[in-house]
Amino acid sequence: MPIITQNSTIDYSFNGEQRYEAMKWWRTLYYSFPVQLFVLHLRSNHLLIAMWGVFALFLSGSLGRKLGFQYLFLDPEYLGRVNFLSFYFLGLALGSFFMSWNLTAYLLSAHYFPFLASLARPFTKFVINNLVLPLLFFGFYLAVAIHFQHYYESLHWSAILANAMGLVTGILTLVLCYALYFQFTNRDISHYHRDGQQLPPNLGRPIAPGRRHVDLEYIKLDTARWKVSVYLSESLQPRLVRSVAHYDSSLLMSIFKQNHLNALILQLLSMLLLLVLGYLIDRPAFRIPAGASLFILASVLTAIIGALTYWFNEWRVLVIALVLVAVNYLTRFDSFNYPNRAYGLDYETTPAEYTVDKLQAICASEQIETDKANTIAILDKWRARVEPETGRKPKMVILCVSGGGLKSATWTMQVAQTADKLLEGRLLGHTVLITGASGGMLGMAYLRELYLQQQSSPEISLYGRQYIDNISKDLLNSIAFTIVTNDLFLPWATFHAGGFSYQKDRGYIFEQQLNENTGFIMDKPISGYRQAEQEAKVPLLFLTPSIVNDARRLIISPQGVSYMMVAPVALDFPKQVEEDAVDFGWMFRGQNADSLRFLTALRMNATYPYILPNVHLPSHPEVEVMDAGFLDNYGIVSATRFIQVFRDWILENTSGVVLVQASSSQKIEQITPSGGQGAIESLFNPLGIAGKLMVIQEFEHDNSLGFMYSLLGKGKFDVVRFLYRPSEANKLEASISFHITSREKEDVLKAIELEENQASLRRLLQLLSPGG
C-alpha cells in the first residue's frame, strides 16, 4: 500500500493550481478582444471574411490559375518591370483594402463593444485588435510570394528582399496616411474631459451607431451580450476592459457617431479619388499593377457592402436587390448607358438591317460570285509571285493560330519567325490566309505588318527578338486600372476617331496599350490593308469575332468575303443550308465599314468576357460581338470553308495545301475521372460538358480536316501542328491572360525545342523546300 505523505498532498494542490491557471489563461485568451472580433466575423460578417478568402484562393492558385490571377499578385509588373516599385504600388493597394475592411468592420461591429468609446483613439485600438485575419493573410501572402520568386522565378535573395520590402513599405505608407487623418479628425472621450469643453447634449433615447433601434443602455448593462475581458493597446500590451455603465449614453453614442462619420467621409473621398484617376488612364505612369487594381476594387466593394449594411441592417439584401433592379432599369436609357462601340463606324446614320431574310438573300445575289472572282484575282497574283521560286506549282499555306492571350501571341510569333527564317522567307511568302482567335491573331497581325514594312524597308529584321518582347508586353494593368477607376462608374471621358466621338473605357485603353506596345504601326483602318492584300504582298487575314445574339461568326476583312457566309452547297439549294457567318464589309457598308480601326477589329476578335467589353454594332436589331474563340478558337472553321470555296482553283493551280496550326494548348487532355465524388459534387457533373468547349471544338475540327483530305485528294493536303506545352523543367504552365511573366515567356519560347515541334519544323521544311 502506497504511503501518502505531506509532500504528495502539496504536489496534488500544485497541479490543481496549474490546471486552474491554465484554464484561466485560456478563458482570458478566448474573451480577449482580438479573439472575440474574430469570432464575431465568423458569426456575422461572412462577406468580409470572404474577401480575404478569395484573395487567398487567388494566391494559392486554387482559383483562376489558368487565367493567371496568381501572377498578378506574385509577379506584379509596373512600366514593364517587376521590382520594388511594382510591389510598392501593390502594397499601397493592399493597405487600402486593409483599411477599408477595418473601416467597414468598425462601422458594423463597434456597437457590440461600447467600452471602445471610453478609450483614447478607439479606432486605432480597434484596428490593432482586428489584425488576426489580416495578419494570417499577410503571412500567407509573404510566404507564397517568397516561395514563388525563389523556386519558380529563381530570383536572388536580395531581389526577393527588395520586393518584400516594397510590399511592406506600401502597406505602411497607406496605413500611416489613414492614421494621420484619424489623428486630426477623430474625437475620443478625453476630448470632452478637457477644461472648457462642454459635454454633448442629451440626445434622447440612445441609439447605437451602426445598428438602428438598438438601446445602448442595454448593451452597457448586459455584459453577457458580447463579453470582452482584455484588449491590446498601441504598445501591444494587454489591458483590462473597464465598465462603461457610469458614462452618459449620449456621450458614448456621440463618440461612435463622430468616428463613423469620419470613416464614411474617408471612404467617399477614396471613391472620388478613383473617379479623378479615371481621367488619367492615358498616362502610362498611372497604369498600376493589375493586382493592385483588384485590391482597390475589393476596397470599393467592401465600402459599399458596409454602407448598405450600416444604413439598412436587416433590409440590406432587399435594398441591394432593389438597387440592382434600379441600375438595370436606368441603364436601359442612353443617358446612363454607354455600350462599347466599334471605333470608326458611323452610329449616327441609319442602322444596318440585320435580319435572317437579308442574310438568306445573299445566296440569290451576285455578290458571292463577285467576291469570289476578286479573291481569285488575288490568288492568281500570289501564284505569279511564288511560282518562279519553286519552278513548279507552289504549295498553298494557310496559317491557323489559336487564342490564349499573350501566351498564344508569344508562341505564334516564335513559331512563325523560326519557321520563316529556316525556310528563308518561304513560310510567309507561301501563306495565302491567316485566321484564328484572340492572342494568336494579335501576334500574326503584328508580324504581318512587319512583313509588309520590310518589303519597302529591307533594314527591318523580321526575326528580331524585340518584336516578341513587344507583343508580349503587359496589357492587363491598363485594363484592370480602367475597370476600377472608370468603368465601375459612368464613363465620362471621350475621344475622337474617324470623325466620331466615343467613350473611353477598358476597350479604348486596350487598343491604346497595344498600340504603344507595337510602336503604333497597326494604327490604321482595315481598308489600309486592301491594296497590299490585292497585290498579294501580304496574306489575307480574317478576323472572326462571335456574334452573341445568334452565334454566327462575323468575318472582318478589307476584301469582300460573302462567300464565307455559307457552305458552297447552299448556292445550289437556297434556304436549305443556313448562313453561319456574316461578311462585315457587306453588312455595314452604309456605316463606314472601311473606316473600322484595325486595332478595334483585333480587339473584337479577342474580347474575353468581362475582361474586355462586348462591342455593340450599328444594326437593327442591335447585335454585339465577343471573342472569336467561342466559335472557332483555332481558325479551322474559316480555313476549311476557304478551301471548300476555292477547291477547283487550288487543285488546278497548286500542288496542295499545307495547313500550319500554332496552338498554345496541348492537343490531347487527360480524362477526368468521376469516381470518389460525394452526392453534392456529383450534382454538378452534367454541367461538366459545358466546360469542355475547346475539346468539343477540337473534335469537330479534326472531323472537318478529315473531310479536307477527301476533298483535295491524296497528297494534296497536309497538316503541320506546333503545340505549346510546358517543358519538363518548368513547374507551371503559362496562363491564358493579357499578362505573361518573364519565366512564362521563356518557357513558351523554349517549347519550339521540344522534339514534337522539331519534327514539325523538319516536316515543314520538307513540304516547302524548292525541290519538294
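Quick caveat: nothing in here was measured; it's all calculated off a predicted structure. (Residues numbered from 1 in each chain as written. Predicted model: local features only at pLDDT ≥ 70, side-chain atom pairs only at ≥ 80, totals over all residues. Heavy atoms only, no water.)

**Side note on the overall build of the protein**
Move 1: Looking only at helices and strands, one finds 30 helices and 16 strands in the protein.
Move 2: Split into buried and exposed, the 772 residues of the protein put 52% on the buried side.
Move 3: Counted over contacts in the protein with a minimum sequence separation of 6, partners at least 24 positions apart contribute 80%. (Helix = DSSP H or I, 4+ residues; strand = E, 2+ residues; numbered from the N terminus. Buried < 20%, exposed > 50% of the residue type's maximum accessible area, 1.4 Å probe, protein only. Contact = heavy atoms within 4.5 Å.)

**Considerations on the sheet that holds strand S15 (residues 657–663)**
Move 1: Taking strand neighbours across the sheet as the criterion, the five strands line up as S8-S5-S4-S15-S16 in an open arrangement whose pairing is parallel. Bordering the open sheet on either side are strand S8 (540–543) and strand S16 (717–723), each of which pairs with just one other strand. On average, each strand axis in the sheet is tilted by 15° relative to the strand beside it, whichever way the strands run.
Move 2: Summarising the sheet, strand S4 (residues 396–401) and strand S5 (residues 431–436) pair through five bridges and their orientation is parallel. Within S5, the position partnered with Val397 by the bridge is Thr431. (Pairing = 2+ DSSP bridges. Axes fitted to C-alpha atoms, helices over the stretch in contact; angles between N-to-C directions.)

**Points about the nonpolar core**
Move 1: In this structure, Phe113, Tyr141, Phe295, Leu554, Leu617, Phe642 and Leu764 are the most contacted members of the largest nonpolar core, which totals 197 residues.
Move 2: At 13 residues, the largest contribution of residues to this core is made by helix H5 (residues 84–109).
Move 3: The residues contacting Phe295, other than those within four sequence positions of it, are Phe55, Phe73, Leu90, Ala93, Leu94, Phe97, Phe137 and Tyr141. (Core = buried A, V, L, I, M, F, W, Y, C linked by side-chain atoms within 4.5 Å.)

**Some points on the pairing of S8**
Move 1: Burial of the side chains of S8 extends over both faces: Leu540 and Phe542 are buried on one face and Leu541 and Leu543 on the other.
Move 2: Of the pairings in the sheet, the one linking S5 to S8 comprises four bridges and is parallel in character. The partner of Gly436 across the bridge, within S8, is Leu543.

**A closer look at helix H2 (residues 33–44)**
Move 1: Here H2 spans 16 Å end to end across twelve residues, near enough to the 16 Å set by a 1.5 Å rise per residue.
Move 2: Where H2 is concerned, the buried positions are Phe33, Pro34, Gln36, Leu37, Leu40 and His41. Looking straight down H2, one finds its buried side chains confined to an arc of 165°; they lie on one side. (Expected span 1.5 Å × (residues − 1). Arc of directions from axis to C-beta.)

**Some remarks on the environment of Phe598**
Move 1: Within the element layout of this structure, Phe598 appears in helix H23 (residues 598–605).
Move 2: For Phe598 and Tyr529, which are 69 residues apart along the polypeptide, the C-alpha to C-alpha distance reads 9.2 Å.
Move 3: Setting aside chain neighbours within four positions, we find Phe598 in contact with Ala445, Arg448, Met522, Lys524, Pro525, Ile526, Tyr529, Leu541 and Leu543.

**A word on the packing of aromatic side chains**
Move 1: The tally for this structure, following the rule as stated, stands at 33 aromatic pairs.
Move 2: Aromatic side chains Phe55 and Phe73 sit 5.7 Å apart centroid to centroid with 80° between the ring planes, which places their arrangement in the edge-to-face category. Here Phe55, found in helix H3 (residues 46–60), pairs with Phe73, found in helix H4 (residues 69–74); they are 18 residues apart in sequence, far enough to count as distant. One exposure class covers both Phe55 and Phe73, and it is buried.
Move 3: Aromatic ring contacts, followed pair by pair, group Trp52, Phe55, Phe58, Phe69, Phe73, Phe97, Trp101, Phe137, Tyr141 and Phe295 into a single cluster.
Move 4: Over the ring of Tyr31 we find Lys227; its NZ or CZ atom is 5.0 Å from the centre of that ring.
Move 5: Its end group placed over the ring of Trp586, Lys358 keeps NZ or CZ at 5.5 Å from the ring centre. (Phe/Tyr/Trp six-rings, centres within 6.5 Å; stacked < 30°, edge-to-face > 60°. Lys NZ or Arg CZ within 6 Å of the ring centre and 35° of its normal.)

**With respect to the pattern of salt bridges**
Move 1: One pass over the structure, following the stated rule, counts 24 salt bridges.
Move 2: In this structure, Asp469 and Arg465 form a salt bridge, with 3.0 Å as the shortest nitrogen-oxygen distance. With Asp469 and Arg465 both in helix H18 (residues 465–471) and four residues apart, the pair spans about one turn of that helix.
Move 3: One salt bridge in this structure joins Glu755 and Arg762, with 2.8 Å as the shortest N-O distance.
Move 4: Note on Glu755: relative accessible area 52%, which makes it exposed.
Move 5: When salt bridges that share partners are traced, they join Arg465, Asp469, Lys745 and Glu746 into one network. (Salt bridge = Lys/Arg side-chain N within 4 Å of Asp/Glu carboxyl O.)

**Things to note about the packing of helix H19 (residues 476–487) against helix H20 (residues 506–517)**
Move 1: With their axes 9 Å apart at the nearest point, H19 and H20 run at an angle of 150° to one another. On the basis of the axis angle, H19 is roughly antiparallel to H20. Crossing hand, H19 versus H20: right-handed. Contacts between H19 and H20 involve Ser478, Ile479, Thr482, Ile483 and Asp487 from the first element and Arg506, Ile509, Phe510 and Gln513 from the second.
Move 2: Here the residues of the contact of H19 with H20 are counted per class, giving four nonpolar, three polar and two charged. (Parallel < 35°, antiparallel > 145°, perpendicular 65-115°, else oblique. Left-handed = near helix turned anticlockwise from the far one by under 90°. Nonpolar A, V, L, I, M, F, W, Y, C, P; charged D, E, K, R; others polar.)

**Observations concerning the confidence of the model for the protein**
Note that predicted coordinates carrying low pLDDT should not be read in detail.
Move 1: Taken residue by residue, the protein gives an average pLDDT of 83. The fraction at 70 or more is 84%.
Move 2: Of the regions scoring below 50 in pLDDT, residues 1–10 engages in one contact with residues more than four places distant in sequence or in other chains.
Move 3: Every residue in residues 194–224 is under pLDDT 50, and counting partners more than four places away or in other chains gives 61 contacts. (pLDDT = per-residue confidence, 0-100.)

**Thoughts on a nonpolar patch on the surface**
Move 1: A cluster of nonpolar side chains, Tyr329, Leu330, Phe333, Phe336, Tyr338 and Leu490, forms an exposed patch at the surface whose accessible area comes to about 550 Å².
Move 2: Structurally, Phe336 can be placed in the loop between helix H12 (316–330) and strand S3 (352–353).
Move 3: Residue classification places Phe336 among the partly exposed positions, given a relative accessible area of 38%. (Patch = residues over 30% accessible without salt bridge, like charges linked within 9 Å, V, L, I, M, F, W, Y side chains within 5 Å. Areas by Shrake-Rupley, 256 points an atom, 1.4 Å probe, with all protein chains shown as cover.)

**Considering the side chain of Glu449**
Move 1: Inspection of the secondary structure assignment puts Glu449 in helix H17 (residues 438–456).
Move 2: The residues touching Glu449, leaving out its near neighbours within four places in the chain, are Ile521, Met522, Lys524 and Tyr529.

**Here we look at unusual backbone geometry**
Move 1: Of the consecutive residues His620 and Pro621, the connecting peptide bond is found in the cis state with omega at -5°.
Move 2: One can find Pro621 in the loop between strand S13 (619–620) and strand S14 (623–626).
Move 3: Within the chain, Leu79 stands out as a residue other than glycine whose phi angle is a positive 55°.
Move 4: With respect to the helices and strands, Leu79 occurs in the loop between H4 and H5.
Move 5: Residue Leu79 is classed as exposed on the basis of its relative accessible area, which comes to 54%.
Move 6: With phi around 55°, Glu424 is a residue other than glycine that occupies positive phi space.
Move 7: For Glu424, the location among the structural elements is in the loop between helix H15 (405–422) and helix H16 (426–430).

**A short note on the side chain of Glu744**
Move 1: In this fold, Glu744 is placed in helix H29 (residues 742–750).
Move 2: A distance of 2.9 Å separates the side chain of Glu744 from the backbone nitrogen of Thr741, its partner in a polar contact. (Polar contact = N/O pair within 3.5 Å; in protein donor to acceptor, adjacent residues only side chain to side chain.)

**A short note on the environment of Ala373**
Move 1: Looking at where Ala373 falls in the secondary structure, it is placed in helix H14 (residues 367–390).
Move 2: Ala373 sits in the partly exposed class, given a relative accessible area of 46%.
Move 3: Considering only alpha carbons, one finds Ala373 and Gly560, 187 residues apart in sequence, at a separation of 10.0 Å.

**What about the pairing of S14?**
Move 1: Inspection of the sheet shows strand S9 (residues 546–547) paired to S14 by two bridges, in the antiparallel sense. Pairing of Ser546 across the sheet is with Met626, part of S14.

**Some remarks on the environment of Tyr634**
Move 1: Locating Tyr634 in the fold gives a position in the loop between helix H24 (629–632) and helix H25 (636–645).
Move 2: Looking at Tyr634, the relative accessible area reads 3%, which means it is buried.

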